[in-house]
Amino acid sequence: MLKSLSLLVACFLMGCVSSSDAFQQQASLGRGINLGNSLEAPVEGAWGPKITDEDLVRLKKAGFNSVRIPTRWSAHALKVAPYTIDPAFMARVDHVVQVALAQGLVVVLNAHHYQEIDEAPAEHRERLAMMWHQIATHFADFPESLQFEIYNEPNTQHTAEAWNLTLAAALQEIRKTNPTRAVHIGGVEWNKIGTLKDLKLPPEDRHIIAQIHYYAPFHFTHQNASWVKGSTAWNGTKWDGTEADKEAVRRDFKAAADWSQKEQRPVFMGEFGTSAGVADMDAGLLNPWTAFIASEAPRYHLTWAYWEYQANFGIWDPKAQQWREPLKATLLGDN
Ligand code: BGC
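Residues numbered from 1 in each chain as written. Predicted model: local features only at pLDDT ≥ 70, side-chain atom pairs only at ≥ 80, totals over all residues. Heavy atoms only, no water.

### Focus on the packing of helix H12 (residues 288-296) against helix H13 (residues 325-332)
Quick reminder of the rule: Note on method: axes are straight lines fitted to C-alpha atoms, helices fitted across the in-contact stretch only, with angles between N-to-C directions ranging 0 to 180 degrees. Helix and strand labels come from DSSP, where a helix needs a run of H or I of at least four residues and a strand needs a run of E of at least two; each type is numbered from the N terminus. Angular relationships are summarised with four words: roughly parallel below 35 degrees, roughly antiparallel beyond 145, roughly perpendicular across 65 to 115, and oblique for the angles in between. Two helices crossing with the near one rotated counterclockwise from the far one by less than a right angle form a left-handed crossing, whereas a clockwise rotation gives a right-handed crossing. Any two residues having at least one pair of non-hydrogen atoms within 4.5 Å are treated as being in contact. For this classification, the nonpolar set comprises Ala, Val, Leu, Ile, Met, Phe, Trp, Tyr, Cys and Pro, the charged set comprises Asp, Glu, Lys and Arg, and every other residue, Gly included, is treated as polar.
Two elements in contact, H12 and H13, have axes whose closest approach is 8 Å; the angle formed by their N-to-C orientations is 20 degrees. Taken together, the axes of H12 and H13 are roughly parallel relative to one another. Every pair of crossing elements has a handedness; the one defined by H12 and H13 is right-handed. Here Thr290, Ala291 and Ala294 of H12 lie close against H13, whose contacting residues are Leu327, Thr330 and Leu331. Here the contact of H12 with H13 is composed, by residue class, of 4 nonpolar, 2 polar and no charged.

Spelled out as structure tokens, the structure:
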């Protein structure tokens, strides 16, 4: 009795009773949206409108539970040690995070489009870790509804072996100041489900959320996507939602659920969506792929964030200043 009481006191002093476990942290993300093409552009505004406070009010009011904030820290930090992040950029990200949290949105803050690290991981690993050192220190006192994500979609030279070294170095820096904050980590090859099995995560760290991205079949979701070479050739590709189409998705989600069960770690689908090339978006028809993915994922205990808010895949039309209602209804139902 005395032993368990002192354990409880020690645990309380160390803060371990006050934090939710990773499964609760993952569940709190519910239905989310990516604030894509904003803070991960080379400069905010270069790829579309800047994020405004009203955007976050609007997203909460629409019924989203969370926002993922893609952020290109690597374009706003010194290239040499100590890799100092530009204080103005830190203040800007801080502002967006604070406004989102004040709305009651759960936030996933990541590092995005550090393309140099995917080309040469060994040369950039320390820089990413030291940027995380600064980000983690800055946000250490923020509530647990702020979650971190080490790096979006490792790919190319970021092989499983290289990525395991990168994630370990960054996680070590984060844990110095944020021992129980949820940290998202996805597998290589653009956060593919099939690469979850290659992740080497510290067994004692129980505040990790695994992240997957889902765009299959790619020739359907990325038709006419200007950033994907050759994608105009896929124009007109349909996804009819036949039993075979649905089974393929279920097989993929089951693989994620099986990994989750085996490793006892929750999984978040941090991106899924279809490009504007899938013309149904504006034609006023429900997009059957998006509808199926959004409704099927929770059956496999996946919470999710749609890619994205107001750019090419967008649910909000910034020019017309209105929702793309069919897409909004597809994602949020009658909210
Ligand atoms: C990339 C975006 C891209 C999206 C869909 C994201 O992970 O960062 O640039 O638009 O995937 O292809």
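There is more to say after this.
### Description of the packing of aromatic side chains
Basically, it comes down to this: Note on ring pairs: Phe, Tyr and Trp rings are taken, using the six-membered ring of Trp, and paired if centres are within 6.5 Å. Classes follow the plane angle, with under 30 degrees stacked, over 60 edge-to-face and the rest tilted. Using a 1.4 Å probe on the protein chains alone, a residue whose accessible area is under 20% of its type maximum counts as buried, one over 50% counts as exposed, and one in between counts as partly exposed. Charge-over-ring placement is defined geometrically: NZ (Lys) or CZ (Arg) within 6 Å of the ring centre, and within 35 degrees of the ring normal.
Tallying each qualifying case throughout the model produces 16 aromatic pairs. Ring centres 6.4 Å apart and planes at 55 degrees place the aromatic pair Phe220 and Trp289 in the tilted group. Taken together, the residues Phe220 in helix H9 (residues 218-221) and Trp289 in helix H12 connect sequence positions 69 residues apart. Here the two residues Phe220 and Trp289 agree in accessibility, since each one is buried. Clustering of aromatic rings is evident, with ring pairs tying together Tyr214, Phe220, Phe253, Phe272, Trp289, Tyr300, Trp304 and Tyr306. In this structure, Arg58 packs its charged tip against the face of Trp316, placed 3.8 Å from the ring centre.

### Structural notes on the sheet that holds strand S5 (residues 183-186)
Selection criterion: Any two strands with at least two DSSP bridges between them are considered paired.
Taken in spatial order, the 8 strands close into a barrel running S1-S2-S3-S4-S5-S6-S7-S8, and their pairing is parallel. Looking at each pair of strands side by side, their axes are set apart by 30 degrees on average, direction ignored. In this structure, strand S1 (residues 31-34) lies alongside strand S2 (residues 66-69), joined through 3 bridges in parallel fashion. Counterpart to Asn34 in the pairing with S2 is Arg68. Strand contacts of helix H6 (residues 121-138): strand S3 (106-110) and strand S4 (146-149), with the helix running at about 180 degrees to S4, the strand carrying the most contacts.

### Comments concerning the environment of Val267
Here Val267 is to be found in strand S7 (residues 267-272). Residue Val267 is classed as buried on the basis of its relative accessible area of 3%. Not counting chain neighbours up to four residues away, the residues in contact with Val267 comprise Gln26, Ala210, Ile212, Ala256, Trp259, Ser260, His301, Leu302 and Thr303.

### Description of helix H3 (residues 53-62)
Operational definition: Starting at the helix axis, one direction is taken to each C-beta atom, and the arc is that of these directions.
The set of residues buried in H3 consists of Asp55, Leu56, Arg58, Leu59 and Ala62. In a view along the axis of H3, the buried residues occupy a sector of 160 degrees, so they form one face of it. Remark: Gly63 follows H3 within two positions and exhibits a positive phi of approximately 120 degrees.

### Thoughts on the layout of surface pockets
The condition that has to hold: Using a 1 Å grid laid over the protein atoms alone, points where a 1.4 Å probe fits but cannot get out form a cavity; open sets with protein on both sides within 12 Å along at least 5 of 7 lines form a pocket; any residue with an atom within 4 Å of a point counts as lining. Grid points are joined across faces, edges and corners, and a volume is the space filled by probe spheres set on the points.
Roughly 1000 Å³ of internal volume is contained in the largest pocket. The wall of the largest pocket is formed by 36 residues, among which Glu153, Trp190, His222, Trp227 and Glu271 lie closest to the centre. When its residues are assigned to classes, the lining of the largest pocket shows 14 nonpolar, 12 polar and 10 charged.

### Section: the site of the ligand
Keep this limit in mind: Throughout, the term near means that a residue has one or more heavy atoms lying within 4 Å of the molecule or strand in question. Polar contacts, as counted here, are pairs of nitrogen or oxygen atoms within 3.5 Å of one another; within protein the pair requires one atom able to donate a hydrogen and one able to accept it, and residues that are adjacent in sequence qualify only if both atoms are side-chain atoms. Pocket occupancy is defined atom-wise: a molecule lies in a cavity or pocket when more than half of its atoms are within 2 Å of its grid points.
Around the ligand sit His112, His113, Asn152, Glu153, Tyr215, His222, Trp227, Glu271, Trp307 and Phe313, and that is every residue in its neighbourhood. Separating an oxygen atom of the ligand from a side-chain N or O atom of His113 is a distance of 3.3 Å. His222 is positioned with one of its side-chain polar atoms (N or O) 2.6 Å from an oxygen atom of the ligand. Placement of the ligand is best described as lying within the largest pocket.

### Remarks on the confidence of the model for the protein
What counts here: Scored from 0 to 100, pLDDT records how confident the predictor is in each individual residue.
With 92% of its residues at a pLDDT of at least 70, the protein reaches an overall mean of 92. Counted against residues more than four places away or in other chains, residues 1-17, with its pLDDT under 50, gives 4 contacts.

### Structural notes on unusual backbone geometry
Here the amide bond leading from Ala81 into Pro82 is cis, since omega sits at 5 degrees, within 30 degrees of zero. With omega at -5 degrees, the peptide bond leading from Ala216 into Pro217 counts as cis. Tracing the sequence through the fold places Pro217 in the loop between strand S6 (208-214) and H9. Even without being a glycine, His113 presents a positive backbone phi close to 55 degrees. Topologically, His113 is positioned in the loop between S3 and helix H5 (115-119). Residue classification places His113 among the partly exposed residues on the basis of a relative accessible area of 24%.

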